[in-house]
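For reference, the chains in residue letters:
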Amino acid sequence: MYRQFLLLFITALVLTSCKDENTSEENALDQAPITFTKEGELNIIKADSSTKSLDIEFAETDYETSTGLMYRESMQGNQGMLFIFQDERPHNFYMKNTYIPLDLFFITKDKKIATIIENAMPLDESNLPSQVPVTYVLETNAGFAKEWNIKEGDSVIWTRN
């Protein structure tokens, strides 16, 4: 009986360790390019009351927030991704598996831009911290903050489709 249990345990262990050895990263690279899906619209309201609009995707689930814009080959200039977290706290991002340079806007729970990181470089795994507690993070193509003169203290609002 003990010998049968041991044999069954070893067989299960071997089968578990021999399953498909492709990691989720390798599988993601084998898939078709990930395309943008408009899920809402975000407006940045500047200090002079002018606004800039973006089509956005939302990242809310654990999978969406951990993956973000990874593996994307491009994004239009009027598009971005808004990360929505359940808690307001310092958040850290990095550019692992992200192929396009980005601007990151760390946004407080009252929807004010608190920190801007411009031109985060593709595939760089350096820590990109929010500096202060935030609830939202907006990612756009690099150069967006400079082109539209977006500043810390500007506000954001958004709607869902």
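As the structure is a computational prediction, the values presented were derived from the model and not from experiment.

### Describing the overall build of the protein
Alright, step 1. Along the protein, the regular secondary structure elements total 4 helices and 9 strands.
Alright, step 2. Counting from the amino terminus, the protein carries its helices and strands in the arrangement α-α-β-β-α-β-β-β-β-β-β-α-β.
Alright, step 3. For the protein, with 161 residues in total, the buried portion stands at 39%.
Alright, step 4. Pairs at least 24 residues apart make up 69% of the contacts formed inside the protein by residues separated by at least 6 positions.
Alright, step 5. Carbon and sulfur atoms provide 53% of the accessible area of the protein, an area that totals close to 9900 Å².

### Here's the deal with the environment of Lys96
Alright, step 1. Among the secondary structure elements, Lys96 is positioned in the loop between β4 (92-93) and β5 (102-107).
Alright, step 2. Taking the C-alpha atoms as reference points, Lys96 and Tyr71, 25 residues apart in sequence, are found 9.3 Å from one another.

### Structural notes on the packing of aromatic side chains
Alright, step 1. On inspection of all chains with the given rule, the structure shows 7 aromatic pairs.
Alright, step 2. A ring pair is formed by Tyr71 and Tyr99, whose centres lie 6.2 Å apart and whose planes are at 80°; its orientation type is edge-to-face. With a gap of 28 residues between them, Tyr71 in the loop between α3 (62-67) and β3 (79-89) and Tyr99 in the loop between β4 and β5 connect regions that are remote in the sequence.
Alright, step 3. On the basis of relative accessibility, which here comes to 11%, the residue Tyr71 falls in the buried class.
Alright, step 4. Note that Lys111 overlies the ring of Trp158, its terminal NZ or CZ placed 4.5 Å from the centroid.
Alright, step 5. Taking NZ or CZ as reference, Arg160 lies 4.1 Å from the ring centre of Phe58, over its face.

### Structural notes on the nonpolar core
Alright, step 1. Ranked by size, the top nonpolar core spans 18 residues in total, and within it Leu42, Leu82, Phe105, Leu138 and Trp158 carry the most contacts.
Alright, step 2. Looking at this core, the elements that each hand over two or more residues are β1 (40-45), β2 (51-59), β3, β5, β6 (113-120), β8 (134-141), α4 (144-147) and β9 (155-160).
Alright, step 3. Looking at this core element by element, the count peaks at 3 residues for β2.
Alright, step 4. Setting aside chain neighbours within four positions, we find Phe105 in contact with Ile113, Thr115, Ile116, Tyr136, Val137, Leu138, Thr140, Phe144, Ala145 and Ile150.
Alright, step 5. In this structure, Ala59, Phe85, Phe93 and Ala120 belong to the second largest nonpolar core, which totals 17 residues.

### Quick word on the sheet that holds β1
Alright, step 1. An order of β6-β5-β8-β3-β2-β1-β9 is seen for the 7 strands of this open sheet, with the pairing classed as mixed. Whereas interior strands pair on both sides, the edge strands pair on one side only; in this sheet they are β6 and β9. Taken over all neighbouring pairs, the strand axes of this sheet differ in orientation by 30° on average, direction set aside.
Alright, step 2. For β5 and β6, the ladder comprises 5 bridges, and the chain directions are antiparallel. Of the residues in β6, the one forming a bridge with Phe106 is Thr115.

### A closer look at the confidence of the model for the protein
Alright, step 1. Confidence in the prediction of the protein, expressed as mean pLDDT, is 86, and 81% of residues score 70 or more.
Alright, step 2. Across residues 2-23, confidence stays below pLDDT 50; counting only partners more than four residues off in sequence or on other chains, it has 2 contacts.

### Notes on the side chain of Asp55
Alright, step 1. Mapped onto the fold, Asp55 is located in strand β2.
Alright, step 2. Every residue in contact with Asp55, bar those within four places of it in the chain, is listed here: Phe36, Lys38, Gly40, Glu41, Asn78, Gln79 and Gly80.

### A look at the pattern of salt bridges
Alright, step 1. Tallied over the entire structure, the rule returns 6 salt bridges.
Alright, step 2. Note that Asp154 and Lys46 form a salt bridge whose closest N and O atoms lie 4.0 Å from each other. Residue Asp154 is located in the loop between α4 and β9, and its partner Lys46 is located in the loop between β1 and β2; the two are separated by 108 residues in the primary sequence.
Alright, step 3. A relative accessible area of 15% means that Lys46 is categorised as buried.
Alright, step 4. A salt bridge links Asp87 to Arg89, with the nearest nitrogen and oxygen atoms 3.0 Å apart.

Conventions we followed
Residues numbered from 1 in each chain as written. Predicted model: local features only at pLDDT ≥ 70, side-chain atom pairs only at ≥ 80, totals over all residues. Heavy atoms only, no water. Helix = DSSP H or I, 4+ residues; strand = E, 2+ residues; numbered from the N terminus. Buried < 20%, exposed > 50% of the residue type's maximum accessible area, 1.4 Å probe, protein only. Contact = heavy atoms within 4.5 Å. Areas by Shrake-Rupley, 256 points an atom, 1.4 Å probe, with all protein chains shown as cover. Phe/Tyr/Trp six-rings, centres within 6.5 Å; stacked < 30°, edge-to-face > 60°. Lys NZ or Arg CZ within 6 Å of the ring centre and 35° of its normal. Core = buried A, V, L, I, M, F, W, Y, C linked by side-chain atoms within 4.5 Å. Pairing = 2+ DSSP bridges. Axes fitted to C-alpha atoms, helices over the stretch in contact; angles between N-to-C directions. pLDDT = per-residue confidence, 0-100. Salt bridge = Lys/Arg side-chain N within 4 Å of Asp/Glu carboxyl O.

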